[in-house]
Amino acid sequence: MFRSYGLRTHIWNNNAKSLALMLGFPVLLALVVFGIALLAVGSGYSSAIQHQSYDVSAPFEAINQALNDPSAPIPSASIPNTPLSLPDGNNSFESALDDALLLVFQIGPIILLATLIWFVIAYFGHQKIIDLATSAHPVTREEQPRLWNLLENLCISRGLTMPSLRIAESAALNAFASGLDDKQHAITVTTGLIDSLDDRELEAVLAHELTHVRNKDVQLLVIAIIFVGIFSFIGEIVFRNIWRTNLGRGQRSRRSGGGGSEGVVILIGLAIIAMAWLLALVIRFAISRSREYIADAGAVELTKDPDAMASALKKVAGNAQMEGAPAELRAFFLENESVGLASLFASHPPISKRIEALQNYAGAMV
Amino acid sequence: MSGLLILLGLVVVIGLVLIGIYNRLVALRQTTGQAFADIDVQLKQRRDLVPNLVETVKGYASHERDTLEAVIAARNAAASASGVQAQAQAENMLSGALGKLFALSEAYPDLKANENFLALQAELSDIENKIAAARRFFNNAVGELNTAIQQFPAVLFASSMGFAAQTFFDLGEERAVANVAPEVKF
């Protein structure tokens, strides 16, 4: 990665970073599939069935059962003619890994398809959420000439369709962009923000949100959130079932002739799924943070005024808490203060770091 | 055969990297151009306000001929200056002349009470702020372009492709003064 030495390079580097982070999601998904395969193999399912004759429905049943019926144990004991043949020792561990890899190619396409379907449904489901979750109401030019003109000028200067402008009744100083396509794009600011910021600062905040719209950050974040949703769904199912599975497993491992390696395989599978779940969360928040840096820089690019963005952030700091906003929605805000030491799980970088970036890369002197 | 393929792959990769660097340089130069145009807009607005201001002041302090003429001269010089360096200097002179004019207005209570004068003063002070911000943005963009040009490997081909280091819009020793909007006392 090149070092940033100015506004554009700062933006380029953060874009490259969020792209790399986004690519992490498919990688994690592949890992999770492997983890599931390990679990299946470890708890008795063998891909030996594949050596005999390729049976498409068998692995599907196994997964289907796991997904649809949380009460059913992950191992597909119901699959007929599945030999439980795991020899002892290292050999069995390796063959278990081989089996799991084979299984990946069997269940991979199914999980991919399920993910895609989930994605389409969840993506359009998110359109409404943002609108419903806040009590924002749209405003006209007559009601808010000052705000309207600031936003309109910014849009005209870049030839953009003007997003609809909304105001949320709140004393908190905050703003957010929402909507998944041109018709729905909206920028919402709180009344507190309008009252406390001067024109330059307000313009900077609007430019920040407009940059989110231009960069399609709302879509990006929704995708990231859906990915995390998928990982936590899989994780929850697996971990909720693990106790039940364990109860039944005692008998089965005795039957297959002492299975230390089975336990190891299951543990590895669990570890992979848990790690993917955690990493997905970390990635989601890292993307969110780098988008904030980009939006800050983009606001300076639009307004040509680094000081305005920095001083707006200073005013917002500590006053951004909006009561009653759901946690997922806060990722879209201008500022969302993270509590405690959870900087890995913060949707926004600390204000001090954002101002520092503006000073280092945009020449802000505030 | 495979050696040839590797060589070919290497050439393609290097080519892509060079194209990427070239495109970045173009984007950076574009940014400086836009940023300068934005300063220019503000400077032009300021120059357009000056005749108005002079007319207003003339009504109350017509015998301060020297100061008024200095402002007009500085304004005309700024309007005809070309090149970043010359323009920065000319605008600097205009800032100084305007500063004197506002200082002079202290002695004329009637002038200070004139609404038109007050409006012009406020507007000029606002423009001054915008110029300062736009200038900072421009200098930042120039700094970034200059760094990119001097970096390896761009330094090998940048100048032959027409990328030249640009001059900062520098106000020199007046810089500290210009960062603060002209003081207005009432």
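Position numbers for residues start from 1 in each chain and track the written sequence from start to end. Each chain takes a letter, starting from A, and each ligand takes a number, starting from 1, following the order in which they are written. It should be noted that, the model being predicted, local features are given only for residues of pLDDT at least 70 and side-chain atom pairs only at 80 or more, the latter also being counted only at that level, while totals for whole chains, interfaces and linings use all residues. Excluded from the side-chain calculations are hydrogens and water; all other atoms, namely the structure's heavy atoms, are used.

All right, on to the overall build of chain B then. Secondary structure elements follow DSSP: runs of H or I no shorter than four residues count as helices, runs of E no shorter than two count as strands, and numbering proceeds from the N terminus. Check the secondary structure of chain B and you find seven helices and zero strands. Along chain B, helices (α) and strands (β) appear in the sequence α-α-α-α-α-α-α when read from the amino end. Every radius of gyration here is taken over C-alpha atoms, with the globule rule written as 2.2 Å times N^0.38, N being the number of residues. For 186 residues, the compact-globule formula gives about 16 Å, and the C-alpha radius of gyration of chain B, at 24 Å, lies well above that figure. Counting only C-alpha atoms, chain B reaches 90 × 25 × 25 Å along its principal axes. Each residue gets one of three labels from its accessible area relative to the maximum for its type: buried under 20%, exposed over 50%, partly exposed in between, using a 1.4 Å probe on protein chains only. Burial status across chain B gives 40% buried among its 186 residues. In this description, accessible areas are obtained by the Shrake-Rupley approach with a 1.4 Å probe, and a residue is regarded as covered only by the protein chains that are shown. Carbon together with sulfur atoms contributes 60% to the accessible area of chain B, which is approximately 10100 Å² in total.

As a further point, take the nonpolar core. To form a nonpolar core, buried Ala, Val, Leu, Ile, Met, Phe, Trp, Tyr and Cys residues must be joined to one another through side-chain atoms within 4.5 Å. In terms of nonpolar packing, the biggest core is built from 138 residues, with F25, L193, L206 and F231 of chain A together with L53 of chain B touching the most fellow members. Broken down by element, the residue count for this core peaks at 16 residues, all from helix α1 (residues 7-42) of chain A. Excluding residues that lie within four positions of it along the chain, L53 of chain B makes contacts with L98, L101, F102, F117, L120 and L124 of chain B. With twelve residues, the next largest nonpolar core counts W12 of chain A together with L25, A148 and F163 of chain B among its residues. Throughout, a residue-residue contact means that at least one pair of heavy atoms, one from each residue, lies within 4.5 Å.

All names here are of chain A. Ring pairs shown here join Phe, Tyr and Trp side chains whose ring centres sit within 6.5 Å, with only the six-membered ring taken for Trp; geometry is labelled stacked below 30 degrees between planes, edge-to-face above 60, and tilted in between. Following the criterion strictly, the structure yields 13 aromatic pairs over all chains and no others. Judged by centre distance (6.3 Å) and plane angle (20 degrees), the ring pair of F227 and F231 falls under stacked. Separated by four residues within a single helix, F227 and F231 lie in helix α8 (residues 217-255), roughly one turn from each other. The pair formed by F227 and F231 is uniform in burial state, with each residue classed as buried. Put simply, the rings of F25, F119, F227 and F231 touch in pairs and so form one group of aromatic residues.

Side-chain pairs of opposite charge can arise whenever the charged atoms involved come near each other. The term salt bridge refers to a side-chain nitrogen of Lys or Arg lying within 4 Å of a carboxyl oxygen of Asp or Glu. Taken as a whole, this structure holds 20 salt bridges over all chains when the rule is applied. R136 of chain B is paired through a salt bridge with D307 of chain A; the nearest N and O atoms lie 2.7 Å apart. Placement of R136 of chain B in helix α5 (residues 115-150) and of D307 of chain A in helix α10 (residues 306-316) is noted, with the two residues assigned to different chains. When its relative accessible area of 10% is taken as the criterion, R136 of chain B is described as buried. Put simply, E335 of chain A and R354 of chain A hold a salt bridge, and the shortest N to O gap is 3.5 Å. You can see E335 of chain A sitting in the loop between α11 (327-330) and α12 (351-362) and its partner R354 of chain A sitting in helix α12, a full 19 residues away along the chain. Pair check on accessibility: E335 of chain A and R354 of chain A agree, each one buried. Within the structure, one salt-bridge network assembled from shared partners comprises E292, D296, E335 and R354 of chain A.

Our focus in this paragraph is α12 of chain A. All names here are of chain A. If you check α12, its first and last C-alpha atoms are 15 Å apart, about what twelve residues at 1.5 Å a residue would give, namely 16 Å. Turning to α12, its buried residues number three or more, namely I351, R354, I355, A357, L358 and A362. Projection of α12 onto a plane perpendicular to its axis shows the buried side chains occupying an angular sector of 155 degrees, all on one side. Count one or two residues on from α12 and you reach G363, which has phi positive near 80 degrees. Expected helix span is taken as 1.5 Å per residue step, with the number of steps being one fewer than the number of residues. The arc refers to the directions leading from the helix axis to the C-beta atoms.

Residues and elements named next belong to chain B. Here helix α3 (residues 84-104) contains 21 residues, and its C-alpha end-to-end distance of 30 Å stays within 8% of the 30 Å for a straight helix at 1.5 Å per residue. Of all the residues in α3, the buried ones are V84, Q87, A88, A90, E91, N92, L94, A97, L98, L101, F102 and L104. Turning to α3, the residues buried within the fold contact α1 (2-58), α2 (65-80) and α5.

The next subject is the packing of α1 of chain B against α5 of chain B. Residues and elements named next belong to chain B. Between N-to-C directions, angles span 0 to 180 degrees; the directions come from axes that are lines fitted to C-alpha atoms, helices contributing only their stretch in contact. Contact pair α1 / α5: the axes reach a minimum separation of 8 Å and the direction vectors enclose 160 degrees. Classified by the interaxial angle, the pair formed by α1 and α5 is roughly antiparallel. Two packed elements cross with a definite hand, and for α1 against α5 that hand is left-handed. Relative orientations are named as follows: roughly parallel for angles under 35 degrees, roughly antiparallel for angles over 145 degrees, roughly perpendicular for angles from 65 to 115 degrees, and oblique for any other angle. Here a crossing is taken to be left-handed if its near helix is turned anticlockwise relative to the far helix by less than a right angle, and right-handed if that turn runs clockwise.

Moving on to the confidence of the model for chain A. All names here are of chain A. Across chain A, the average pLDDT comes to 81, with 78% of residues at 70 or higher. For every residue, the predictor states its confidence as a pLDDT score lying anywhere from 0 to 100. By mean pLDDT, the top-scoring element of chain A is helix α7 (residues 199-214) (94), and the lowest-scoring one is helix α2 (residues 48-52) (45). Note on residues 47-56: pLDDT under 50 across the span, and 13 contacts to partners over four residues away in sequence or across chains. Confidence over residues 72-87 falls short of pLDDT 50; this stretch has 34 contacts with residues more than four positions distant or in other chains.

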